[in-house]
Amino acid sequence: MSANVLRFLNQPGWNYKLSHEGVSILAPTKQDATLFAQSYGSALTETAVKIKGKVRIQWRGCKQPIEFYGWMISEEASAPTETGDSPCRVGALNHHLLPVGNAVFCSQLHLPIELLCRMVAAAENPRPVSIVRQDNHKQIIVNKLMSDMLQTSPEIVTQRVMTQFWLPGDLAELERRLRNEIRFTWTYCGRLNEQTWAILTTEFEAFEVEGIWYRQGTCLATPQPVPIPPGAFAPV
């Protein structure tokens, strides 16, 4: 590991050890672990490459650790940094899929701290969770429960443009409510995948990160499949 990372880990309250699996890091709190992962993500991924293992970050009471693997680095990823000043930018395969603890997936490389915190929270959430960028309607984050509910691989789910998964009138109403309400619960008809439409009950939350608005959706009930409704967008 880099000198900067080691200096960070030698602070009071931190601990780490090596094993046949890789490096295991114990942080004082969940917030400390998240900040550390955000600041040194590239260096930790590079460490995983060098040791041919993984780097795991945990904290007391942790249910879902943050993990870095060597295969997350792709040719498109930026060169590792040791300054800790830049945002966490971790490459992954061809689609830049970033798993955290094998329970949440993200297709966006630039991860401001609030998004990273929401990813960790999604990994620990017992309900299906997704996050969509409002400017391009792209679904960039899902937890495994959401991927399973949609019966679609996370590689595909985290690349979807969600305008095709709504009835036009419901999509317009969603946009209107997001402009006027920070959080609300709504029952509506939506497309789970290319074959299935269903009645969904979802808690929506609008939030802003670095000038970009996102919406988080948490599914509150088991989807009830229905026939394809009139006026539905054709699958793409």
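Attention here is on the structure that accompanies the text. Keep in mind it's a predicted model, so treat the numbers as computed, not measured.

1. Here we look at the nonpolar core
Alright, step 1. Membership of the largest hydrophobic core comes to 35 residues, with the highest contact counts inside it found for Ile25, Phe36, Leu44, Ile57 and Ile141.
Alright, step 2. With seven residues, helix α2 (residues 30-51) is the largest single contributor of residues to this core.
Alright, step 3. Counting 22 residues, the second largest nonpolar core, distinct from the first, contains Val132, Leu174, Tyr188 and Phe204.

2. Concerning the sheet that holds strand β3 (residues 54-59)
Alright, step 1. On the basis of which strands lie adjacent, the open sheet formed by four strands has the order β1-β2-β3-β4 and mixed pairing. Each end of this open sheet is capped by a strand with a single partner; those strands are β1 (15-18) and β4 (66-69). Taking each pair of neighbouring strands and ignoring which way they run, the sheet shows an average axis angle of 15°.
Alright, step 2. Summarising the sheet, β3 and β4 pair through four bridges and their orientation is antiparallel. Pairing of valine 55 across the sheet is with phenylalanine 68, part of β4.
Alright, step 3. α2 rests against β2 (22-27), β3 and β4 of the sheet, and its axis sits at about 165° to β3.

Calculation rules
Residues numbered from 1 in each chain as written. Predicted model: local features only at pLDDT ≥ 70, side-chain atom pairs only at ≥ 80, totals over all residues. Heavy atoms only, no water. Core = buried A, V, L, I, M, F, W, Y, C linked by side-chain atoms within 4.5 Å. Buried < 20%, exposed > 50% of the residue type's maximum accessible area, 1.4 Å probe, protein only. Helix = DSSP H or I, 4+ residues; strand = E, 2+ residues; numbered from the N terminus. Pairing = 2+ DSSP bridges. Axes fitted to C-alpha atoms, helices over the stretch in contact; angles between N-to-C directions. Contact = heavy atoms within 4.5 Å.

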